[in-house]
Amino acid sequence: MEPNLVLYNTLTRKKEKFDPLNPPFVGMYVCGPTVYSDVHLGNCRTFVSFDMIFRYLLHLGYKVRYVRNITDAGHLEGDRDEGDDKFSKKAKLEQLEPMEIVQKYTLGFHEVLRLFNTLPPSIEPTATGHISEQIEMVQRIIDNGYAYEVNGTVYFDVEKYVKEHDYTVLTNRKLEDLLNNTRELGGQDEKRGRLDFALWIKAKPEHIMRWPAPWSVGFPGWHIECSAMSSKYLGAQFDIHGGGMDLAATHHTNEIAQSEACHHVHPAKYWMHTNMLTVNGARMSKSAGNGFLPHELFTGNHPLLEKGYSPMSVRFFMMQAHYRSTLDFSNEALDAADKGYKRLMNAIVLLEKIKPSNKNSSDFDLLALKKRCYKAMDDDFNTPVLIAELFEAVRFINAVYDGKMTIDQTMLAELKSFMQIFVVDILGLKNGILADDADDTDALMQIIINLRNEAKKNKDFTTSDRIREDLQSIGVQLKDSKDGTLWNKI
């Protein structure tokens, strides 16, 4: 296997040739959702993007172990180990057990990703299922001299760590700037340093989720779970660590510190981050009132949306932007993506209706097109360029269907395989119309075509023309040929 894949590594801030540690095996860890509420679109963009990356790595022949965790404990409201536990707070509000909250929103998360047609990860570990691994890792960090315990809570000693390691290696920020942007410790603060963070937190009496540990009855800090689970399933060092760009500055920075303090090696060779979402140019957020959930986007049930869009149209929309680029939601952009997605799907449907000729048109080079598509994907998974290339195939398919170009049986089979690989297997797109619905539509269209043919037979050209024009007005095109009347969506 000699792939030409290069990817952008946040760690080195440049594109690098992908050279796995132990080919053909690839270990990839992506930070999953905190399941105390409905998954938001920013999360979805990350998981859809890494699904595309997962799919392409599989297509290249790699044996990928894709680990994506579920955070179901230990996530406090503030990133500075402050505030209420998100699960306990939600459980009290809804008068449910915390694990009922976890189950409810985990099921919802899986359903949304099913609608987006994402492949399941190889392993989906939960924080609560790996408490012993987290306790063991905390103890090793203490034994190695990089953590301390105060009144039952264990903190990571950043000041000790930075004497021997680059704490800001991932973000390239200056340590002085981090300190200047962090408030001074108060008299009641147990931490020795302003940047220290909790590895294990002693539970307050009212805290519902708690486990016994050598230091106290408590619960793990947020950052430790990913370090413990990634090392358990992928080893102390693995190939790719991914997540949203919002995780780089704190969560991923602390993951690197924990892992190096425990295992004495940097955890991941390549760090990949997806960019944020905006709405009409403004950052998407609940506080700004411009955030909407996936089901609101699908149904159009939101003041900012003029209509709903199918999950596949939204996935196509996401793929139209590079995963490292900002993705801006607007009704105009979604409408354009919806039309583009339908054009692409319609071309795939037309492929099955095309009757092969005995020769190929000379001005369409499928092999050259295929090379350009691989070149796009090998360039840091450049899906917008890939989609632009795919529309070259769409134009050719439409021209063949209209009788303006020709294709033989061999090339038709190759073109079908090409579209299956890049549209379905790699981009993860599928026809949004269910098979049963498609069958019903075909049957209905055949009835309409028969009525039009009968009108033409009776020389009632006014009726036959009106049927054609009315269908055209709703996006359905009729084409008369020697094999009968064919139809397709425009």
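An unreviewed UniProt entry lists the protein under the name Cysteine--tRNA ligase, from Sphingobacterium micropteri. What the UniProt record of the protein gives under Subcellular location (unreviewed entry) is the line "Cytoplasm". Recorded under Catalytic activity (unreviewed entry), the UniProt text for the protein is reproduced unchanged: "tRNA(Cys) + L-cysteine + ATP = L-cysteinyl-tRNA(Cys) + AMP + diphosphate".

> Describe in detail the UniProt feature "short sequence motif: 'HIGH' region" (unreviewed entry) in the protein, supporting the description with residues and values.
When the UniProt feature table is mapped to this numbering, "short sequence motif: 'HIGH' region" (unreviewed entry) covers residues 33-43. Its end C-alpha atoms 7 Å apart, residues 33-43 is made of 27% helix and 0% strand.

> Let's hear about the nonpolar core: which residues, and what values?
Judged by nonpolar contacts, the single largest core of 90 residues is most densely connected at Phe329, Leu344, Phe381, Leu390, Leu415, Phe418 and Met419. Setting aside anything within four residues of it in sequence, one finds phenylalanine 381 in contact with Leu5, Leu7, Met52, Ile53, Tyr56, Met272, His322, Tyr323 and Ala376. With 49 residues, the next largest nonpolar core counts Met137, Trp215, Cys226 and Tyr233 among its residues.

> An account of the side chain of asparagine 117 is needed here, citing residue identities and associated values.
Take asparagine 117: it is sitting in the loop between helix 3 (98-115) and helix 4 (131-143). The class of asparagine 117 is buried, set by a relative accessible area of 19%. Of note is the side chain of asparagine 117, whose polar atom sits 2.8 Å from the backbone oxygen of glycine 428. Residue contacts for asparagine 117: discarding those within four places in its chain leaves Asp51, Arg55, Met312, Arg315, Gly428 and Lys430.

> Please set out the sheet that holds strand 6 (residues 153-156) residue by residue, giving values where relevant.
Here we have five strands laid out as an open sheet, ordered 5-6-7-9-8, and antiparallel in their pairing. Of all strands in the sheet, those bounded by a partner on one side alone are strand 5 (147-150) and strand 8 (211-212). Two elements, strand 5 and strand 6, share four bridges in a ladder whose sense is antiparallel. Bridging from a neighbouring strand, glutamate 149 pairs with valine 154 of strand 6. This element, helix 4, spans strand 5, strand 6, strand 7 (197-202), strand 8 and strand 9 (217-220) of the sheet and lies at about 120° to strand 7.

> Go over the pairing of strand 6 with me, naming the residues and quoting the values.
Looking down a regular strand, the side chains alternate between one sheet face and the other. Of the two faces of strand 6, both are covered, the one formed by Thr153 and Tyr155 as well as the one formed by Val154 and Phe156. Hairpin connection between strand 5 and strand 6: a loop of two residues separates the two successive antiparallel strands, and asparagine 151 in this loop has a positive phi of roughly 50°. Note that strand 6 and strand 7 share three bridges and pair antiparallel. Within strand 7, the residue paired with tyrosine 155 across the bridge is alanine 198.

> Pulling in residues and values, what's your account of the packing of helix 12 (residues 366-378) against helix 13 (residues 383-401)?
Angle between the axes and distance between the axes are the two parameters that describe a pair of packed helices. For the pair helix 12 and helix 13, the least separation of the axes is 8 Å and the interaxial angle reads 165°. By the angle between their directions, the pair helix 12 and helix 13 is classed as roughly antiparallel. Relative to helix 13, helix 12 is oriented so that their crossing is left-handed. Contacts from Leu369, Arg372, Cys373, Ala376 and Met377 of helix 12 reach helix 13 at Thr383, Val385, Leu386, Glu389, Leu390, Glu392 and Ala393. The residue inventory of the contact of helix 12 with helix 13, partitioned by class, reads eight nonpolar, one polar and three charged.

> Explain the packing of helix 1 (residues 41-59) against helix 12 to me, and be specific about the residues and the numbers.
Between helix 1 and helix 12, whose axes approach to 12 Å, the crossing angle comes to 125°. Here helix 1 is positioned oblique relative to helix 12, judged by the angle of their axes. Helix-helix and strand crossings are classified by hand; for helix 1 and helix 12 the assignment is left-handed. Taken together, the residues of helix 12 that come into contact with helix 1 (itself represented by Met52, Tyr56 and His59) are Tyr374, Met377 and Asp378.

> How would you explain helix 11 (residues 331-351) if you had to name every residue and give the values?
Compared with an ideal rise of 1.5 Å per residue, which puts 21 residues at 30 Å, helix 11 spans 30 Å between its outermost C-alpha atoms and is within 8% of the ideal. Among all positions in helix 11, only Asn331, Leu334, Ala337, Asp338, Gly340, Tyr341, Leu344, Met345, Asn346, Ala347, Leu350 and Leu351 are buried.

> I'd love a proper account of the UniProt feature "binding site: Zn(2+)" (unreviewed entry) in the protein, names of residues and values included.
Here, UniProt's "binding site: Zn(2+)" (unreviewed entry) annotation points to Cys31, Cys226, His251 and Glu255. These annotated residues cover 225 residues of sequence, but their C-alpha atoms sit close together, with the largest distance between any two at 11.0 Å. Tracing the backbone through its elements, the reader meets cysteine 31 in the loop between strand 3 (25-30) and helix 1. The exposure class of cysteine 31 is buried, given its relative accessible area of 6%. The contact partners of cysteine 31, leaving out residues within four places of it in the chain, are Phe47, Asn69, Cys226, His241, Gly242, Leu247, His251, His252 and Glu255. The residue cysteine 226 is located in helix 7 (residues 224-234) in this model. If sequence neighbours within four positions are ignored, cysteine 226 has contacts with Tyr29, Cys31, Asn69, His251 and Glu255.

Cut-off values and rules
Residue positions are given per chain, counting from 1 as you read along its sequence in written order. Only residues with pLDDT of at least 70 are given local features in this predicted model, and only at 80 or more are side-chain atom pairs given and counted; all residues enter the totals for whole chains, interfaces and linings. Hydrogens and water are ignored here; the side-chain numbers use all heavy atoms of the structure. UniProt positions are given in the numbering used here, feature names are shortened, and annotations may be inferred rather than shown by experiment. Secondary structure elements are defined from DSSP: runs of H or I of at least 4 residues count as helices, runs of E of at least 2 residues count as strands, and each element is numbered from the N terminus. Among buried residues, those of type Ala, Val, Leu, Ile, Met, Phe, Trp, Tyr and Cys that are joined through side-chain atoms within 4.5 Å constitute a nonpolar core. Burial classification: accessible surface area is computed with a 1.4 Å probe over protein chains only, and a residue below 20% of its type maximum counts as buried, one above 50% as exposed, and the rest as partly exposed. For this analysis, residues touch if any pair of their heavy atoms sits within 4.5 Å. Pairs of N or O atoms are called polar contacts if they sit within 3.5 Å, as long as, within protein, a hydrogen donor faces a hydrogen acceptor (for residues adjacent in sequence, only side-chain-to-side-chain pairs). Strand pairing is assigned whenever DSSP identifies at least 2 bridges connecting the two strands. In this description, a line fitted to the C-alpha atoms serves as the axis of each element, helices being fitted only across the stretch in contact, and the angle between N-to-C directions of two axes falls anywhere from 0 to 180 degrees. The labels follow the angle: roughly parallel below 35 degrees, roughly antiparallel above 145, roughly perpendicular from 65 to 115, and oblique for the rest. Note on convention: near helix rotated counterclockwise from far helix by under a right angle means a left-handed crossing. Clockwise means right-handed. Ten residues, namely Ala, Val, Leu, Ile, Met, Phe, Trp, Tyr, Cys and Pro, are considered nonpolar, four, namely Asp, Glu, Lys and Arg, are considered charged, and the remaining ones, Gly among them, are considered polar. By this rule the span expected of a helix is its residue count minus one, scaled by 1.5 Å.

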